[in-house]
Amino acid sequence: MTDVSYFKDRFEQLQGASPDNEIAKMRLESFDRFSSAGLPSLRNEEWKYTNISSLFDKEYHVAAVDEKPVLNLTDVDSIRLPGHSGANELVFVNGRFIPTFSNIRSPGDQLTVVPLEDAANGPYKELVKEHLGQSGKYIKDGIHALNTSFIYGGVFIHIAKGQQLEHPVYLYYLSDAREYHTLSQPRSLIYAAEGSKLQLVETYQTIGGSDSFTNQVMEVVVNDNTHIEYYKLQNDTANANQVSTTHIRQAGRSYVHAVTITLNGGMIRNNMNLVMDAAGNETHLYGLYMLKGHTHADNHTLVDNRRPNCFSNQLYKGIVDDKATAVFNGKIMVQPDAQKTNAYQSNKNILLSDQASINTKPQLEIFADDVKCSHGCTVGQLDETALFYLRARGIPKENAQAMLLQAFASDILAQVKPELLREHIRQLITAQLFNDK
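This text gives an overview of the structure that appears in the document. (Residues numbered from 1 in each chain as written. Predicted model: local features only at pLDDT ≥ 70, side-chain atom pairs only at ≥ 80, totals over all residues. Heavy atoms only, no water.)

## Quick word on the overall build of the protein chain
Now for step 1: A tally of helices and strands in the protein chain yields nine helices and 20 strands.
Now for step 2: In terms of C-alpha radius of gyration, the protein chain reaches 21 Å, essentially the compact-globule figure of 22 Å for 437 residues.
Now for step 3: Within the protein chain, residue pairs in contact and separated by at least 24 positions form 85% of the contacts whose partners lie at least 6 positions apart.
Now for step 4: Put simply, the protein chain shows about 17,700 Å² of open surface, and 48% of that area lies on carbon and sulfur atoms.
Now for step 5: Across the protein chain, 41 positive and 50 negative side-chain charges occur, with their mean positions spaced 4 Å apart. (Helix = DSSP H or I, 4+ residues; strand = E, 2+ residues; numbered from the N terminus. Rg over C-alpha atoms; globule rule 2.2 N^0.38 Å. Contact = heavy atoms within 4.5 Å. Areas by Shrake-Rupley, 256 points an atom, 1.4 Å probe, with all protein chains shown as cover. Lys, Arg positive; Asp, Glu negative; His and termini not counted. Charge placed at Lys NZ, Arg CZ, Asp CG, Glu CD.)

Here it is as structure tokens:
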């Protein structure tokens, strides 16, 4: 069983390898919090519908500091996304950034990619010191503290001032579960300077039949006149479990467009935090989860409006079949200084099985008096009238149902702006809807 004592042994090994830097101090503080809080349980309100502690009834392998990846470039090729030949590719194996597997195509004066430890002890020291760990102010549970306790092999990405990158940044997370259960804890810090533009794409793959658990944290700092597009694609195996935290702070007036697509996996928890920390920020959050089998997907979103005249829009849609379960917990916070806030949130779901379930909880917390905010959720079944219309024209029931579900998902898919990526996801959705029938 993987318990606190197991993690303590491996934590001490890690600290012994690099004891005298700022990250080591941060790790120590976080491990104290983890030791006190432990893993989240169902008694924790934020984890009421997602049982994570039961996944730690087995012993996970945590990569040692000097451990070399056994995977090779052929394994990496299996996960590459369309358009990879024109992308900056960053490869993580068992939570560690592997420069030899990665390809940086943007010039060095536009994009800097270095190991997080090097950035913390080099010319980016002050940026790392200021921004690394800011997500911990919003997520205080033990699983987040565990990631920070084991920061090692992370990556720092810096987009220079005024640079609108021609090449997107793809991040591949591979877990090697061929010989043992694997615990991976990738960490990244991304700093987009003033006037920059960036596309980020993340995807995951477990190789092998043992269980994998990925506990990932990405922190993004967005400055004035910056445009960020962020895409997460989750299409892993049934033995793959994941807690993923994406924390984006809009430190200057900027634009953020984020889309999360969840198709396959075991237990999945997505924390998406947007901190609107400058006047006039704009944010769009979209999500699509299409679940079957015993997959469990929990999407937690938080939009914290801290400054006036900000606009945010959230639309998450779910299709849940078989014995799959889904959770949506979306919160909009409007702080006292955030007058003239416009914030919208919607969650729409279709249940295809009597054994499928969805727990949805949209929330508003408003501490200002001149705002425009709304939220809502729906849970239902396919429109029987539309289904009858298609069947009356000779379309078999299974195909008619798939066509209606494809239409339901289409407005989220349309928010994936890179054409090659959008077509790739469309093909995955089509295969899931039609070929499984």
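What follows picks up the thread again.
## Observations concerning the packing of helix H1 (residues 4-17) against helix H2 (residues 22-37)
Now for step 1: Two numbers describe how H1 lies on H2: the axes approach to 11 Å, and their chain directions differ by 170°. With respect to H2, the element H1 is oriented roughly antiparallel. Residues Val4, Phe7, Lys8, Phe11, Leu14 and Gln15 of H1 touch H2, and the partners they reach there are Ala24, Arg27, Leu28, Phe31, Phe34 and Ser35.
Now for step 2: Per-class residue counts for the contact of H1 with H2 are eight nonpolar, two polar and two charged. (Axes fitted to C-alpha atoms, helices over the stretch in contact; angles between N-to-C directions. Parallel < 35°, antiparallel > 145°, perpendicular 65-115°, else oblique. Nonpolar A, V, L, I, M, F, W, Y, C, P; charged D, E, K, R; others polar.)

## Section: helix H8 (residues 397-413)
Side chains that are three or four residues apart share a direction in an α-helix, a result of its 3.6 residues per turn.
Now for step 1: Taking 1.5 Å as the rise per residue, H8 with 17 residues should run 24 Å; its terminal C-alpha atoms sit 24 Å apart, in good agreement.
Now for step 2: The largest bend along H8 reaches roughly 25° and is located at Ala407.
Now for step 3: Looking only at H8, the buried set comprises Ala400, Gln401, Ala402, Leu404, Leu405, Phe408, Ala409, Ile412 and Leu413.
Now for step 4: Buried-residue contacts for H8 involve strand S12 (254-264), strand S14 (282-291), strand S16 (311-320), strand S18 (342-351), helix H7 (384-391) and helix H9 (419-435). (Expected span 1.5 Å × (residues − 1). Bend = angle between axes of the 7 residues up to and from the residue. Buried < 20%, exposed > 50% of the residue type's maximum accessible area, 1.4 Å probe, protein only.)

## Thoughts on the pattern of salt bridges
Now for step 1: Counting across every chain of the model gives 20 salt bridges.
Now for step 2: One salt bridge connects Asp77 with Arg80, and the closest N-O pair in it is separated by 2.7 Å.
Now for step 3: On the basis of relative accessible area, Asp77 is assigned to the partly exposed category, the value being 44%.
Now for step 4: The exposure class of Arg80 is buried, given its relative accessible area of 19%.
Now for step 5: For Asp277, the salt bridge goes to Arg307, with nearest N and O atoms at 3.5 Å. On the criterion of sequence distance, the pair formed by Asp277 in the loop between strand S13 (267-276) and S14 and Arg307 in the loop between strand S15 (296-305) and S16 is long-range, its members being 30 residues apart. (Salt bridge = Lys/Arg side-chain N within 4 Å of Asp/Glu carboxyl O.)

## Side note on the nonpolar core
Now for step 1: Among the nonpolar cores identified, the biggest contains 42 residues, and Leu90 and Ile157 are the most heavily contacted of them.
Now for step 2: What Leu90 contacts, discounting residues up to four positions off in sequence, is Phe97, Ser102, Ile104, Val113, Val155, Ile157, Val169, Tyr170, Leu171 and Tyr172.
Now for step 3: Of all hydrophobic cores here, the second largest spans 41 residues; its members include Ile207, Leu263, Leu405 and Ile425. (Core = buried A, V, L, I, M, F, W, Y, C linked by side-chain atoms within 4.5 Å.)

## Side note on the packing of aromatic side chains
Now for step 1: By the definition in use, this model includes 16 aromatic pairs.
Now for step 2: The interplanar angle of 50° and the centroid separation of 5.8 Å between the aromatic rings of Phe31 and Phe34 together place this pair among those described as tilted. Of this pair, Phe31 and Phe34 both sit in helix H2, three residues apart, roughly one helical turn.
Now for step 3: Take Phe31: its relative accessible area is 5%, and that puts it in the buried class.
Now for step 4: A connected cluster of aromatic rings, assembled from ring pairs, spans Phe7, Phe11, Phe31, Phe34, Phe56, Tyr60, Phe150 and Phe213.
Now for step 5: The ring of Trp47 carries Arg269 above its face, with NZ or CZ at 3.9 Å from the centroid.
Now for step 6: Over the ring of Phe408 we find Lys317, and its NZ or CZ is 4.4 Å from the ring centre. (Phe/Tyr/Trp six-rings, centres within 6.5 Å; stacked < 30°, edge-to-face > 60°. Lys NZ or Arg CZ within 6 Å of the ring centre and 35° of its normal.)

## Section: the environment of Pro336
Now for step 1: Following the sequence through the fold, Pro336 ends up in the loop between strand S17 (325-334) and S18.
Now for step 2: As a C-alpha pair, Pro336 and Lys323 span 13 residues in sequence and 43 Å in three-dimensional space.
Now for step 3: Aside from chain neighbours lying at most four places away, what touches Pro336 is Phe367 and Ala368.

## Some points on H2
Now for step 1: A rise of 1.5 Å per residue sets the reference length of H2, with its 16 residues, at 22 Å; its end C-alpha atoms lie 23 Å apart and thus fit the reference within 8%.
Now for step 2: Among the residues of H2, those classed as buried are Ile23, Ala24, Arg27, Ser30, Phe31 and Phe34. Angular distribution of buried residues about the axis of H2 spans 125°; they occupy a single face of the element. Exposed positions of H2 whose direction lies more than 90 degrees from the buried face are Lys25, Glu29 and Ser36.
Now for step 3: Structurally, H2 contributes buried residues whose contacts are with H1, helix H4 (116-120) and helix H6 (142-149).
Now for step 4: Gly38 sits one or two residues past H2 and shows a positive phi near 70°. (Arc of directions from axis to C-beta.)

## So, the side chain of Glu202
Now for step 1: Examined against the element boundaries, Glu202 turns out to sit in strand S8 (residues 197-207).
Now for step 2: A distance of 2.7 Å separates a polar atom in the side chain of Glu202 from a polar atom in the side chain of Tyr173. (Polar contact = N/O pair within 3.5 Å; in protein donor to acceptor, adjacent residues only side chain to side chain.)

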